[in-house]
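Residues per chain are reported as follows:
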Amino acid sequence: MRKAEEIRRAPIGIFDSGVGGISVVKALERELPGEDLIFFGDSKNAPYGEKSVEEIRALSERSYQFLREQRVKAVVIACNTATSAAAELLREENPGEIIVGMEPALKPAIENAGRERPEILVLATSSTLGGERFQRLAARLGMGARVHSLPAPEIVRMVEAGKEDSDEMRSYLRELLFPYRRMADGTIRCPLDGLVLGCTHFPFAKRAIREVLSYPVPIYDGAEGTARETKHRLLKKALLSDRRSGGRVRLYSSLPDTELEERLLNKES
C-alpha cells in the first residue's frame, strides 16, 4: 500500500490513439503546472475512429495497463473515441481509480452562441459521432440548436503524418467544409455560430480550419474542460501535488520514437 504523500507525488497518466492527446497534455500543463505527466500515444494503431468497439476497448485496456505500470495516480483518456467506447468498461474493471474521459465541447458552444437556434458544427470521428455517449449528449443539449455532425477522419491521418498545417490539409478542409466556409463572392451557404472539435487531433489543424472558413467562428475543444475535471477529481481525493510548478512530461509511443509528439508539445498554440 502506497502512502498518501507518495501517491500525491505520483504522475498523471494520459493516453490517446495517437499524437492528438498532446493537446490535452498541454492543457493539463497549464491547469496543473506542478504535476508530472506521462503520455502514451498509440500511433501504431491510429486512427481508432474506424475500428470496431471491441478493438478500441482492447487497445484502450492495453494503454491503460501501460500507464498503471508507471504507478500513476489518475488516468486521462485523451481521446473522444476511446472515451465513448471504453471509459465505462475501464471504470468497471478498475473501481475506485480516477479515470477521466473526454466529450465534445458542445455545451459551451451552444451556451456562448448568443442567439436562439444557433448553427453548431461538430467535427469528430465516425465512431465518436455514432456512439451512444455523443448521441445522448446531443439529444440533451441540442434542443435549442441545430447540431451538424461531420466525420473528418483525414484530419487524424494528416496530423499523425505531421501535416497539420499543410496545403494537403487545406485542400481536404476546403472540400469537407464547403457548405460552411465563405466563398470568393462572400456568400456562406450555412454560416456557423460555433465549431466543436470532437477529436484531440483536431486542435493541431485549427489554423488551417480558420483559414479555410475565412470568417470568425468560435472554435471549441474539450481539452481545457478535461484538465479542469482532472484537477477537480484529484482535489476531491486530496491527491493534488503540493508543488506549484516544475512538473515534468514523459512521452511514450507505440512507434519507435516520439519526435512528432515532442514537436507538437513544444509548438505554439
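Everything that follows concerns the structure shown earlier in this document.
Computed from a predicted model, the values in this text were never measured in an experiment.

## A word on the pairing of strand 1 (residues 12-16)
The side chains of a regular strand alternate between both faces of the sheet.
Step number 1: Summarising burial for strand 1: five of the five residues are buried, a large majority.
Step number 2: Of the pairings in the sheet, the one linking strand 1 to strand 2 (residues 37-41) comprises five bridges and is parallel in character. Directly across from Ile14, in strand 2, lies its bridge partner Phe39.
Step number 3: On the question of chirality, the crossover connecting strand 1 to the parallel strand 2 by way of helix 2 (residues 22-31) is right-handed.

## Notes on the pattern of salt bridges
Step number 1: Under the counting rule described, the total for this entry stands at 20 salt bridges.
Step number 2: Residue Glu97 is joined to Arg68 by a salt bridge in which the shortest nitrogen-to-oxygen separation is 3.3 Å. Taken as a pair, Glu97 in the loop between helix 4 (80-93) and strand 4 (99-100) and Arg68 in helix 3 (residues 53-69) lie far apart in primary sequence, 29 residues in all.
Step number 3: Judged by relative accessible area, which is 29%, Glu97 ranks as partly exposed.
Step number 4: Two residues, Arg115 and Asp193, come together in a salt bridge whose shortest N-O distance is 2.8 Å. Residue Arg115 is located in the loop between helix 5 (106-111) and strand 5 (119-124), and its partner Asp193 is located in the loop between helix 9 (167-176) and strand 7 (194-197); the two are separated by 78 residues in the primary sequence.
Step number 5: The buried category is assigned to Asp193, whose relative accessible area is 16%.
Step number 6: Where salt bridges share partners, they join Asp165, Arg170, Arg207 and Glu211 into one cluster.

The rules behind these values
Starting from 1, residues in each chain are numbered consecutively following that chain's sequence as written. For this predicted model, a pLDDT threshold of at least 70 governs which residues receive local features, and a threshold of 80 or more governs which side-chain atom pairs are given and counted, while totals over whole chains, interfaces and linings are taken from all residues. Values reported for side chains reflect all heavy atoms of the structure, with hydrogen atoms and water molecules removed beforehand. Only protein chains enter the area calculation, which uses a 1.4 Å probe; residues under 20% of their type maximum are buried, those over 50% are exposed, and those in between are partly exposed. The helix count covers DSSP runs of H or I at least four residues long, the strand count covers runs of E at least two residues long, and both are numbered beginning at the N terminus. Here the rule is simple: two strands pair whenever DSSP picks up at least two bridges between them. With the strands aimed away from the viewer, a crossover counts as right-handed if its path from the first strand over the helix to the second runs clockwise. Salt bridges are identified by distance alone: a Lys or Arg side-chain nitrogen within 4 Å of an Asp or Glu carboxyl oxygen.

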